[in-house]
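Residue-level structure breakdown
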Amino acid sequence: QVQLVESGGGLVQAGGSLRLSCAASGRTFSNYAMGWFRQAPGKEREFVGSITKTGGNTYYADSVKGRFTISRDNAKNTVYLQMNSLKPEDTAVYYCAASQKWVPPPLRDAYDYWGQGTQVTVSS
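Quick caveat, the model's predicted, so the values are computed rather than measured.

Some details on the side chain of T52
Relative to the helices and strands, T52 resides in the loop between β5 (46-51) and β6 (58-60). With sequence-adjacent residues up to four places away left out, T52 is seen in contact with A33, N57, Y59, R72, W102 and V103.

Side note on the sheet that holds strand β7 (residues 68-73)
If you walk across this open sheet you meet the 4 strands as β1-β3-β8-β7, and the pairing is antiparallel. Looking along the sheet, the strands with just one partner apiece sit at the ends: β1 (2-7) and β7. Across the sheet, the mean angle separating the axes of adjacent strands is 15° when strand polarity is ignored.

So, the environment of Y94
Considering the arrangement of structural elements, one finds Y94 in strand β9 (residues 92-99). Under the relative-accessibility criterion, Y94 is labelled buried at 0%. Spatially, the C-alpha atoms of Y94 and A40 are 8.8 Å apart, while their sequence positions differ by 54 residues. In this view, Y94 contacts E6, L20, W36, F37, R38, V48, F68, L81, M83, G117, T118 and V120; residues no more than four positions away in its chain are not counted.

Some thoughts on the packing of aromatic side chains
This structure, assessed with the given rule, holds 5 aromatic pairs. Ring centres of F37 and Y111 lie 5.2 Å apart, and the angle between their planes is 80°; on these two criteria the pair is classed as edge-to-face. Pair noted here: F37 is in strand β4 (residues 33-39) and Y111 is in the loop between β9 and β10 (113-114), with a separation of 74 residues, a long-range link. Since its relative accessible area comes to 1%, F37 is described here as buried. Aromatic ring contacts, followed pair by pair, group F37, F47, Y111 and W114 into a single cluster. In this arrangement the basic side chain of R45 is found over the ring face of W114, its NZ or CZ atom lying 5.0 Å from the centre. Residue placement shows R72 over the ring face of F29; its charged tip is 4.3 Å from the ring centre.

What counts and what doesn't
- Residues numbered from 1 in each chain as written.
- Predicted model: local features only at pLDDT ≥ 70, side-chain atom pairs only at ≥ 80, totals over all residues.
- Heavy atoms only, no water.
- Helix = DSSP H or I, 4+ residues; strand = E, 2+ residues; numbered from the N terminus.
- Contact = heavy atoms within 4.5 Å.
- Pairing = 2+ DSSP bridges.
- Axes fitted to C-alpha atoms, helices over the stretch in contact; angles between N-to-C directions.
- Buried < 20%, exposed > 50% of the residue type's maximum accessible area, 1.4 Å probe, protein only.
- Phe/Tyr/Trp six-rings, centres within 6.5 Å; stacked < 30°, edge-to-face > 60°.
- Lys NZ or Arg CZ within 6 Å of the ring centre and 35° of its normal.

As structure tokens, then:
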């Protein structure tokens, strides 16, 4: 089992920045690729981005490419989501997830463990 706890969400004005963190415990963190997803009210949970086990590769949804950056610190068992140039349409609950796959596809079913989510609200 892997336990994931997100933090860093909050209220920010459009154009601002936030950094989300996801702390992992349980099994060896570096054995898992990590992903970020988000879910806005009334919408499906969607892929935001992911990072491979060693952090050597990252992947992003087109909607966040160039604005969001994922990184990880395997020594701290933590993955980060740096969000810049935030827009009101980025408002959602953000979830981190862990996958045993080397390069998980951008699908919910590719991930084995999930955090409880953290709310991000971007005001216009």
